[in-house]
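Each chain, written out:
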Amino acid sequence: MDFALPPDLGNWAFGFMLVLARVAAATMLLPGLGEAGPPSMLRAGLAGCIALLLLPGLMPAMPRPPEAGLQMGLMLAAEVVTGVWFGWLARALVLALPMAGQFVAYTIGIANVLQSDAELGPQTTAVARLFDAAVPVLILATGLYTLPLAALEGLYRLIPAGTLLPAADSSQTVLRAVTDSFALALRLASPFVLASLVWHVGIGLMARFLPRLQVYFVAVPGQILGGILLLASLSGALLSAWLEATRTGLSVLPGTG
């Protein structure tokens, strides 16, 4: 018995390649799904499953396979660039939490901007690592990973498959994402920054009125102990504020609405 292949099989294969190129590039960076911990085969399988789920709904808008191989390669490259751009926008939002951890560690005195950590890596603090590990847990536990996936599907209405990113709009979006991420990190760490300023002013006044006192040996233990107690008391509120800001940011990604 002869089995004839469907006449539009080539169109479906090309459409799957385009969708997979964008989805795989975005999945490498999406919060909760693109973490470095899971095996690469698992992440590749996840990207393939997402592409298969999106393909039927996107197939009517997919371009026809080009005749020239160079044009096909350029279309695939355009999809990879779009996926990396979108994934990085989502990733920039969640980077505010480990950045806030860096600020907190510096202000409470358990890190030094001039000295790297031999175990945690250069310029990486234990608080930042702790917050970085909490990011995928919170994203997956609260279901926030569904927001960028929904936006990824809607992104095809803004940037059709096989087309290049608009340079001006995409660069402005990246700049705004970086600005919002740093601003959120500073807001999250603002109680520790304020407490550090008050503490150092008090230590300065103490050194002024008690010149014989070894201020350094009094200030550093108090700063570290007070900072750890403050972190323990405010960590829940800090994570809640980050979750709310992340939910708001992910809900306005390109392609939503």
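Preceding block: the structure.
We now turn to the structure provided with this report. None of the values given here were measured: they were computed from a predicted structure.

For the rest of this paragraph, the subject is the packing of aromatic side chains. One pass over the full model with this rule turns up zero aromatic pairs. In this structure, arginine 22 packs its charged tip against the face of tyrosine 156, placed 4.0 Å from the ring centre.

The N-to-C vectors of helix α3 (residues 69–94) and helix α6 (residues 146–158) enclose an angle of 145°; their axes lie 11 Å apart at closest approach. The two elements α3 and α6 meet at a crossing, and its hand is right-handed. Contact residues: Glu79, Thr82, Trp85, Phe86 and Ala90 in α3; Pro148, Ala151, Leu152, Leu155 and Tyr156 in α6. Per-class residue counts for the contact of α3 with α6 are eight nonpolar, one polar and one charged.

At a closest axis distance of 12 Å, the pairing of helix α1 (residues 9–27) and α6 adopts a crossing angle of 130°. Compared by their axis directions, α1 and α6 come out oblique. The chirality of how α1 crosses α6 is right-handed. Where α1 approaches α6, its residues Leu18, Val19, Arg22, Val23 and Ala26 are matched on the opposing element by Leu152, Leu155 and Tyr156. In the contact of α1 with α6, the residues fall into seven nonpolar, no polar and one charged.

A separate point is the pattern of salt bridges. This model, assessed by the stated rule, comprises three salt bridges. As a salt-bridge pair, arginine 91 and glutamate 35 come within 3.2 Å of each other at their nearest N and O atoms. Taken together, the residues span a long stretch of sequence, with arginine 91 in helix α3 and glutamate 35 in the loop between α1 and α2 (40–58) at a distance of 56 residues. Accessibility expressed as a relative area gives 15% for glutamate 35, which makes it buried.

With that settled, the discussion passes to the side chain of threonine 173. Note that threonine 173 resides in helix α7 (residues 167–209). Beyond its immediate chain neighbours, meaning those up to four positions away, threonine 173 contacts Trp85, Leu89 and Pro254.

What follows deals with α2. With 19 residues, α2 extends 26 Å between its outermost C-alpha atoms, agreeing within 8% with the 27 Å of an ideal straight helix rising 1.5 Å per residue. Within α2, burial applies to Ala47, Gly48, Ile50, Ala51, Leu54, Leu55 and Leu58. Buried residues in α2 make contact with α1 and α6.

Another point: a nonpolar patch on the surface. Together, Val201, Leu205, Phe209 and Leu210 line one region of the surface with nonpolar side chains, adding up to about 430 Å² of accessible area. Relative to the helices and strands, phenylalanine 209 resides in helix α7.

Of all the bends in helix α8 (residues 215–250), the largest measures some 50° and sits at leucine 234. Of all the positions in α8, only Val215, Ala219, Gln223, Gly227, Leu231, Leu238, Trp242, Leu243, Thr246, Gly249 and Leu250 are classed as buried.

Quick look at the environment of tyrosine 145 now. With respect to the helices and strands, tyrosine 145 occurs in the loop between α5 (126–142) and α6. With relative accessibility at 29%, the residue tyrosine 145 sits in the partly exposed group. Expressed as a C-alpha distance, the spacing of tyrosine 145 and glycine 32, which sit 113 residues apart in the sequence, is 6.3 Å. Ignoring anything within four residues of it in the chain, the contact list for tyrosine 145 reads Pro31, Leu33, Ile139 and Leu140.

Let's shift gears to the nonpolar core. Core analysis: the largest hydrophobic core is formed by 56 residues, its most contacted members being Val19, Val23, Met62, Phe86, Trp242 and Leu253. No other element matches α3, which puts eight residues into this core. Discounting chain neighbours no more than four positions away, the residues touching valine 23 are Ala47, Ile50, Ala51, Leu54, Leu152 and Tyr156.

Rules and cut-offs
Residues numbered from 1 in each chain as written. Predicted model: local features only at pLDDT ≥ 70, side-chain atom pairs only at ≥ 80, totals over all residues. Heavy atoms only, no water. Phe/Tyr/Trp six-rings, centres within 6.5 Å; stacked < 30°, edge-to-face > 60°. Lys NZ or Arg CZ within 6 Å of the ring centre and 35° of its normal. Axes fitted to C-alpha atoms, helices over the stretch in contact; angles between N-to-C directions. Helix = DSSP H or I, 4+ residues; strand = E, 2+ residues; numbered from the N terminus. Left-handed = near helix turned anticlockwise from the far one by under 90°. Contact = heavy atoms within 4.5 Å. Nonpolar A, V, L, I, M, F, W, Y, C, P; charged D, E, K, R; others polar. Parallel < 35°, antiparallel > 145°, perpendicular 65-115°, else oblique. Salt bridge = Lys/Arg side-chain N within 4 Å of Asp/Glu carboxyl O. Buried < 20%, exposed > 50% of the residue type's maximum accessible area, 1.4 Å probe, protein only. Expected span 1.5 Å × (residues − 1). Patch = residues over 30% accessible without salt bridge, like charges linked within 9 Å, V, L, I, M, F, W, Y side chains within 5 Å. Areas by Shrake-Rupley, 256 points an atom, 1.4 Å probe, with all protein chains shown as cover. Bend = angle between axes of the 7 residues up to and from the residue. Core = buried A, V, L, I, M, F, W, Y, C linked by side-chain atoms within 4.5 Å.

Take it as geometry only, folks, not as evidence of what the structure does.
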